[in-house]
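# Descriptive analysis of the structure
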Amino acid sequence: MLTVILADDDYLVKEILCDTIPWSELGMEVIGLAENGQEALELCMERQPDILVTDIKMPFYNGLEVANQLMESGMRTKTVLISGVQDFNYARLALNVQAAGYILKPIQLKEVVSVLKKVRDAIEMEFQREQVLKRLEQQLEENMALMRDKFLNQLMMEQVGSDEELQERLDYFRLPFQAGQDMVVAVAEIDEYDLKVKNKGVERVHFFNFSIKNLIEQVLDNYQAGICFTTARENEFVILLSGDYCHEMRMAQIFESIEQLLLEFDGITISIGVGHCVSMEAASLSYNRACNAIGYKFYTGNGSIIHINDIADSNAMGTLNDMNGSAKLGELQKLLLDEIKMGNKPRVKQALEQYGMLLTGATQLSQDYIRGLFLELIITAYREICETEGESAEVTANYSTSMESIMRDETLTDIKKHVSAMLLCIADYYGAKYNKKHHVLVERIKNYVNQNYMDNISLADIANEIYMSTSYLCAVFKRETGETINEYIIETKMGSAKKLLKNTKMKVHEIAEHLGYENAHYFSYSFKKYAGETPQQYRNKQQLG
């Protein structure tokens, strides 16, 4: 119910308005009467009505002055002005005070009701609009955390606009950073994560990750050191540190507190990779190096804190700003590892030569940094073979020798020679393994076909039986035998058909059914395409012979 105050120095006008207007039908209630402007203003300030219906000409304050003071005070009361003077100046002043309606004397009931209905509709529309805006603002606030994490993930992948745009986003998401300030990105991983979440449902895994993130944030909040967020990668918690906490000694204090809290929480240990100190705009560079650092956890053990400075010379940081060069190195490293695992020695040599040439041209890099990159190649390749194939005495011996040699080498030529020897040793191991593995695989395929060719088998059936993709099976079989699997299936079927035609009295349609063909016509067509003659012609020839 909307509340109304009536103000007029004419008692009869107020009485008429009170008694003749159907207030209840309009959804309104008169809560006060005033005889002059001052009284009207005081009543409005006290009762906060939705609508004030007031005469313009009144003692002390006129209606326009009351409306103006209500507007300046910020009250949302809608004002309807009554005037006995048909003067455009009043109408203009009514606009200035944002009057919601204007009624002329002598008062007409229909006119008053019409004006009040319009005011009521305006109030209701304004209320609905406010409710919609509040709901949208609430939804926006509820999704603020998700949008913040999306922005932070984008910041880790690429530079986000100019300093002004970056600062605007930092302020919008209420992040405690300034564009241009120094910061460090660290990447934390839960040790033995798979064991921690094993046999837990999706909901429990999300709750587990949410709990870990909150515990890390709790420490960061206590120190006012930075923030933590998660990425699309499972078991990756990104920590942004700024200010004094960019220094290793202060970082160590933070990381120690995080480790202690997680250990007390659920016996959890974590490992942390720490990137370079960079400006906020270059956060993606620090993030990439932190990811590289955490990759060394396999060699340093659980509960490790690995600074990128421990792996590569921090003096080379300036060259990392060349995103194209850095990306090219990453591409070549991936290509090298792929070719090593395929046992393709010529391609390994070629990719390694390109890798060496790219580093040879980077004269601004320190010798120690280049040495570190080559060590990273060997370490990554050795880790891969140990994780997938287990340790080999020969490979392990070469690995130890190569690592010692590279640490002693004083020239890039010597370093490349020892790196090449180690990587080719691993490629040899994979090559021998694949030759043996492929031979066994081909025999398994042939055995399966020989045992099941009568069931109209498909490539998918073979792949499901051997637990490998159809594309991989087809590629290996073709390379090892010179023919496709489908060709071998047909060959096997046709070989069996020839024996049956020659040695039995089975009819052609019976042989077709026995070999898994849906009808005899298609079997005859396939046989003629393979043997150059129909099944009956083949049988007749064999009998004559």
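Refer to the preceding data block for the structure.
Residues numbered from 1 in each chain as written. Predicted model: local features only at pLDDT ≥ 70, side-chain atom pairs only at ≥ 80, totals over all residues. Heavy atoms only, no water.

### Topic: the nonpolar core
Stated formally: Put simply, buried Ala, Val, Leu, Ile, Met, Phe, Trp, Tyr and Cys residues joined by side-chain atoms within 4.5 Å make one nonpolar core. Think of it in three bands: with a 1.4 Å probe and only protein chains considered, a residue is buried below 20% of the maximum accessible area for its type, exposed above 50%, and partly exposed in between. In DSSP terms, a helix is any run of H or I states spanning at least four residues, a strand is any run of E spanning at least two, and both are numbered starting from the N terminus. Every residue pair with non-hydrogen atoms within 4.5 Å of one another is taken to be in contact.
Core analysis: the biggest nonpolar cluster contains 41 residues, and L336, Y355, F374, I378, V419, L423 and I426 have the highest contact counts within it. Looking at this core, the element that brings in the most residues is helix 15 (residues 367-389), giving 12 residues. If near-sequence neighbours (up to four positions away) are discounted, Y355 is found in contact with L329, L332, Q333, L336, L373, F374 and L377. Residues V205, I216, C246 and I258 belong to the second largest nonpolar core, which totals 29 residues.

### Brief notes about the layout of surface pockets
Using the following cut-off: Definitions used throughout: a 1 Å grid over protein atoms alone; a cavity as a set of points that fits a 1.4 Å probe which cannot get out; a pocket as an open set with protein on both sides within 12 Å along at least five of seven lines; a lining residue as one with an atom within 4 Å of a point. Grid points are joined across faces, edges and corners, and a volume is the space filled by probe spheres set on the points. For this classification, Asp, Glu, Lys and Arg are treated as charged, while Ala, Val, Leu, Ile, Met, Phe, Trp, Tyr, Cys and Pro are nonpolar and the rest, including Gly, are polar.
Size it by volume and the second largest pocket reaches roughly 390 Å³. Taken together, 14 residues form the lining of the second largest pocket, with I490, K493, Y517, Y522 and S526 sitting closest to its centre. Top contributing element to the lining of the second largest pocket by residue count: helix 22 (residues 520-531), with five residues. Of the residues in the lining of the second largest pocket, the class split is seven nonpolar, four polar and three charged.

### Some thoughts on the sheet that holds strand 4 (residues 78-83)
We apply this condition: Pairing between two strands is assigned when DSSP locates at least 2 bridges connecting them. Simply put, an axis is a line fit to the C-alpha atoms, just over the touching stretch for a helix, and the angle between two N-to-C directions goes from 0 to 180 degrees.
One open sheet holds the five strands; their spatial order is 2-1-3-4-5, and the pairing between them is parallel. At either margin of the open sheet sits one strand with a lone partner, and together these are strand 2 (28-34) and strand 5 (101-104). Pairs of neighbouring strands in the sheet enclose a mean axial angle of 20°, with direction left out of account. Alignment of strand 4 against strand 5, held across four bridges, turns out to be parallel. Bridge pairing in strand 5 places S83 opposite L104. Sheet strands in contact with helix 2 (residues 37-47) are strand 1 (2-7), strand 2 and strand 3 (51-55), and its direction is about 135° off that of strand 2.

### A look at a nonpolar patch on the surface
For clarity, the threshold we go by: In this scheme, patches are assembled from residues that exceed 30% relative accessible area and form no salt bridge. Like charges are connected within 9 Å, while nonpolar side chains (Val, Leu, Ile, Met, Phe, Trp, Tyr) are connected within 5 Å. Note on areas: Shrake-Rupley with a 1.4 Å probe; residue coverage comes only from the protein chains shown. We count a salt bridge whenever a side-chain nitrogen from Lys or Arg sits within 4 Å of a carboxyl oxygen from Asp or Glu.
Among the surface-exposed residues, Y11, L12 and I16 lie close enough to one another that they form a single nonpolar patch of about 350 Å² accessible area. Relative to the assigned elements, I16 resides in helix 1 (residues 11-20). A residue is classified by how much of its surface remains accessible, and I16, at 46% relative accessible area, is partly exposed.

### Notes on helix 11 (residues 283-294)
Applied cut-off: Multiplying 1.5 Å by the helix residue count minus one yields the expected span of that helix.
Relative to the 16 Å expected for 12 residues at 1.5 Å per residue, helix 11 spans 17 Å between its end C-alpha atoms, a close match to the ideal helical length. In terms of burial, helix 11 is a largely internal element, 10 of the 12 residues being buried. Within helix 11 the residues assigned to the buried category are A283, S284, L285, S286, Y287, R289, A290, C291, A293 and I294.

### Here's the deal with the sheet that holds strand 6 (residues 182-190)
If you walk across this open sheet you meet the five strands as 7-8-6-9-10, and the pairing is mixed. Of all the strands in the sheet, just strand 7 (226-230) and strand 10 (305-307) have a single pairing partner and so form its edges. For this sheet, the mean angle separating the axes of adjacent strands, direction not counted, is 20°. One ladder, built from eight bridges, connects strand 6 with strand 9 (residues 270-279); its direction is antiparallel.

### So, the pattern of salt bridges
In total, this model carries 14 salt bridges according to the counting rule given. In this structure, E130 and R76 form a salt bridge, with 1.8 Å as the shortest nitrogen-oxygen distance. In this pair, E130 sits in helix 5 (residues 109-142) while R76 sits in the loop between helix 3 (63-72) and strand 4, placing the two residues 54 residues apart along the sequence. A relative accessible area of 23% means that E130 is categorised as partly exposed.

### Some words on the packing of helix 2 against helix 3
Put simply, the rule is: Orientation categories follow fixed angle ranges, with anything under 35 degrees roughly parallel, anything over 145 roughly antiparallel, 65 to 115 roughly perpendicular, and all other angles oblique. Note on convention: the crossing is left-handed when the near helix lies turned anticlockwise from the far helix by less than a right angle, right-handed when the turn is clockwise.
As a packed pair, helix 2 and helix 3 sit with axes 9 Å apart at the nearest point and diverge in direction by 25°. For the element pair helix 2 / helix 3, the angle class is roughly parallel. Here the hand of the crossing between helix 2 and helix 3 comes out right-handed. Residues G37, L41, C44 and M45 of helix 2 form the contact with helix 3, whose own contacting residues are V66, Q69 and L70. In the contact of helix 2 with helix 3, the residues fall into five nonpolar, two polar and no charged.

### Quick word on the pairing of strand 1
Moving residue by residue along a regular strand, the side chains alternate between the two faces of the sheet. Rules: The path from the first strand over the helix to the second decides the hand: if it runs clockwise while the strands point away from the viewer, the crossover is right-handed.
Across the six residues of strand 1, six count as buried, placing the element largely inside the fold. Of the two faces of strand 1, both are covered, the one formed by L2, V4 and L6 as well as the one formed by T3, I5 and A7. Bridge analysis of strand 1 against strand 2 gives six bridges, and the strand direction is parallel. Looking at strand 2, one finds that V4 is bridged to V30. As for the winding sense of the linkage, the β-α-β connection from strand 1 through helix 1 to strand 2 is right-handed. Of the pairings in the sheet, the one linking strand 1 to strand 3 comprises four bridges and is parallel in character. Paired with A7 across the bridge in strand 3 is T54.

### What to know about the side chain of T492
Mapped onto the elements, T492 comes out in helix 20 (residues 485-503). Among all residues touching T492, those that are not within four sequence positions of it are V449, N450 and Y453.

The analysis is restricted to geometry; functional conclusions fall outside its scope.
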